[in-house]
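# Summary of structural features
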Amino acid sequence: SLIKVGSPSNMHWEMQRVLRDEYMGEVHISTGMTTKAEIEQIVRFWEEGKGDAKNRVVLYNCTSGYPVPFEDVCLLDIRLLQAKYQHRVKAIGFSGHHLGIAIDLAAYALGAEWNERHFTKDRTWKGTDHAASLEPAGLAKLCRDLQAAHTAMRYKPTDVLDLEKEQRAKLKWGQYNKD
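A brief look at the structure comes next. Worth saying up front: this structure is predicted, and the values here are computed from it rather than measured. (Residues numbered from 1 in each chain as written. Predicted model: local features only at pLDDT ≥ 70, side-chain atom pairs only at ≥ 80, totals over all residues. Heavy atoms only, no water.)

## Regarding the pairing of strand S4 (residues 91-96)
We apply this condition: Each residue gets one of three labels from its accessible area relative to the maximum for its type: buried under 20%, exposed over 50%, partly exposed in between, using a 1.4 Å probe on protein chains only. The helix and strand labels rest on DSSP assignments: H or I over at least four residues marks a helix, E over at least two residues marks a strand, and numbering proceeds from the N terminus. By convention a crossover is right-handed if, when the strands point away from the viewer, the path from the first strand over the helix to the second runs clockwise. Strand pairing follows a simple DSSP-based rule, namely that at least 2 bridges must link the two strands.
Where burial is concerned, most of S4 is hidden: six out of the six residues are buried. Side chains of S4 alternate between two faces, with Ala91, Gly93 and Ser95 and Ile92, Phe94 and Gly96 buried alike. For the segment spanning strand S3 (residues 57-62), helix H3 (residues 77-85) and S4, crossover handedness is right-handed. The pairing of S4 with strand S5 (residues 114-117) spans four bridges and is parallel. From the neighbouring strand, glycine 93 faces S5, where its bridge partner is tryptophan 114. In the classification by handedness, the crossover that spans S4, the intervening helix H4 (residues 102-109) and the parallel S5 is right-handed.

Below, the structure is given as C-alpha cells:
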C-alpha cells in the first residue's frame, strides 16, 4: 500500500510525522514548488524516523503547474535527485503535469522508477488539473508505451542478433559480396 503526498503538503510536518511513525506503507512525496534545501529537510526528516522509515519513501521530481510547458518540466532534475538521494530513499519517480505522454517516456529513460499522472474522464472539465490530465485512452497509451520502453531497455546479448543475421547476409558490405 502507498500514500501520495502532493507538493503543497510535503512540508506539513504533523502529517509527515504520522505517515513516518504510524503508517507502515510506502509514502510517495512530490517535490514541485519545493526548494533544494526543503527537499533535503524532507529526506532528513524521514532518515530520523525509527527503523527503516527512509526506505519507504519515493521522491518525485515534479513541476507544479497545470499544464506545465515542456521547457519547465526540467526532466534533468531527475538526475539531481538520483545523485543526491537514490541511496537515501527507496526510489526516485516522476510526477508529470504536462501535455501528452512523450515526457513520461523520457523520465523513464532517465531512470524514474515510478511515473505518476493525473487522469480524468474529460480534460475539458473545470478544475486545476483536468487540462493536464490523461483521459482513459491517453492513460492506456502511456501504459502501453512504458511497457514497450521497459521491454526495450536492455543490452544486446550478442554482437549480431538472430533477427539481424538474414539482413546482414543480404545487406552488409563484405558479407553479401565475399566471393
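This is not the end of the story, as more comes after the structure.
## Some remarks on the environment of alanine 169
What counts is decided by this rule: Throughout, a residue-residue contact means that at least one pair of heavy atoms, one from each residue, lies within 4.5 Å.
Positionally, alanine 169 belongs in helix H6 (residues 162-171). By relative accessible area, alanine 169 is classed as partly exposed at 48%. When residues no more than four places from it in sequence are discounted, the contact partners of alanine 169 are Gln175 and Tyr176.

## Topic: the packing of aromatic side chains
This is how it is decided: Note on aromatic contacts: the rings of Phe and Tyr and the six-membered ring of Trp form a pair at centre separations within 6.5 Å, being stacked when their planes are under 30 degrees apart, edge-to-face when over 60 apart, and tilted otherwise. Whether a charge sits over a ring depends on NZ of Lys or CZ of Arg being within 6 Å of the ring centre and within 35 degrees of the ring normal.
The final tally for this structure, using the stated rule, is three aromatic pairs. Measuring from ring centre to ring centre gives 6.0 Å for tryptophan 173 and tyrosine 176, while their planes differ by 80 degrees; the resulting arrangement is edge-to-face. Owing to a relative accessible area of 44%, tyrosine 176 belongs among the partly exposed residues under this scheme. Here the aromatic residues Trp13, Phe45 and Trp46 are joined through ring pairs into a cluster of three or more. Here the guanidinium or amino end of lysine 4 rests over the ring plane of tyrosine 60, the centre of that ring lying 5.4 Å away. Over the ring of phenylalanine 45 we find arginine 20, and its NZ or CZ is 4.0 Å from the ring centre.

## Considerations on the sheet that holds S5
Selection rule: To obtain each axis, a line is fitted to C-alpha atoms, and for helices this fit is confined to the stretch in contact; angles are then taken between N-to-C directions over 0 to 180 degrees.
Pairing within the open sheet is parallel, and its five strands lie in the order S1-S2-S3-S4-S5. Strands at the two margins of the open sheet, each flanked by one partner only, are strand S1 (2-5) and S5. Geometrically, the sheet is characterised by an average inter-axis angle of 25 degrees between neighbouring strands, direction not taken into account. The pairing of S3 with S4 spans five bridges and is parallel. Its bridge partner being in S4, asparagine 61 is matched across the sheet by phenylalanine 94. The sheet contacts of helix H1 (residues 13-21) involve S1 and strand S2 (26-30), and relative to S1 the element is tilted by about 160 degrees.

## A closer look at H3
Put simply, the rule reads: Along the arc lie the directions from the helix axis toward the C-beta atoms.
Those residues of H3 that sit buried are Ile78, Leu81, Gln82 and Tyr85. Summarising the axial view, the buried residues of H3 lie within an arc of 100 degrees, below the 170-degree limit, and thus occupy one face.

## A short note on the layout of surface pockets
Stated formally: Using a grid of 1 Å spacing that covers the protein atoms alone, one calls a set of points a cavity when a 1.4 Å probe fits there but cannot get out, and a pocket when the set is open and has protein on both sides within 12 Å along at least five of seven lines; lining residues are those with an atom within 4 Å of a point. Grid points are joined across faces, edges and corners, and a volume is the space filled by probe spheres set on the points. In the scheme used here, Gly and all other residues not listed as nonpolar or charged are polar, with Ala, Val, Leu, Ile, Met, Phe, Trp, Tyr, Cys and Pro taken as nonpolar and Asp, Glu, Lys and Arg as charged.
In this structure, the largest pocket occupies an estimated 270 Å³ of space. For the largest pocket, the lining is made up of 15 residues, of which Thr34, Lys36, Ile39, Asp77 and Leu81 are closest to its centre. At the level of secondary structure, the elements contributing two or more residues to the lining of the largest pocket comprise helix H2 (36-47), S3 and H3. Within the lining of the largest pocket, the residues separate by chemical class into seven nonpolar, five polar and three charged.

## Brief notes about the state of the cysteines
Short version of the rule: In plain terms, two cysteine sulfur atoms within 2.5 Å form what is called a disulfide here.
Counted under the stated rule, the structure contains zero disulfides. Unpaired in terms of disulfides, cysteine 62 finds its nearest cysteine sulfur in cysteine 74, a separation of 11 Å. Take cysteine 62: its relative accessible area is 7%, and that puts it in the buried class. Judged by its relative accessible area of 39%, cysteine 74 falls in the partly exposed class.

Everything listed is a geometric property; what it means functionally is a separate question.
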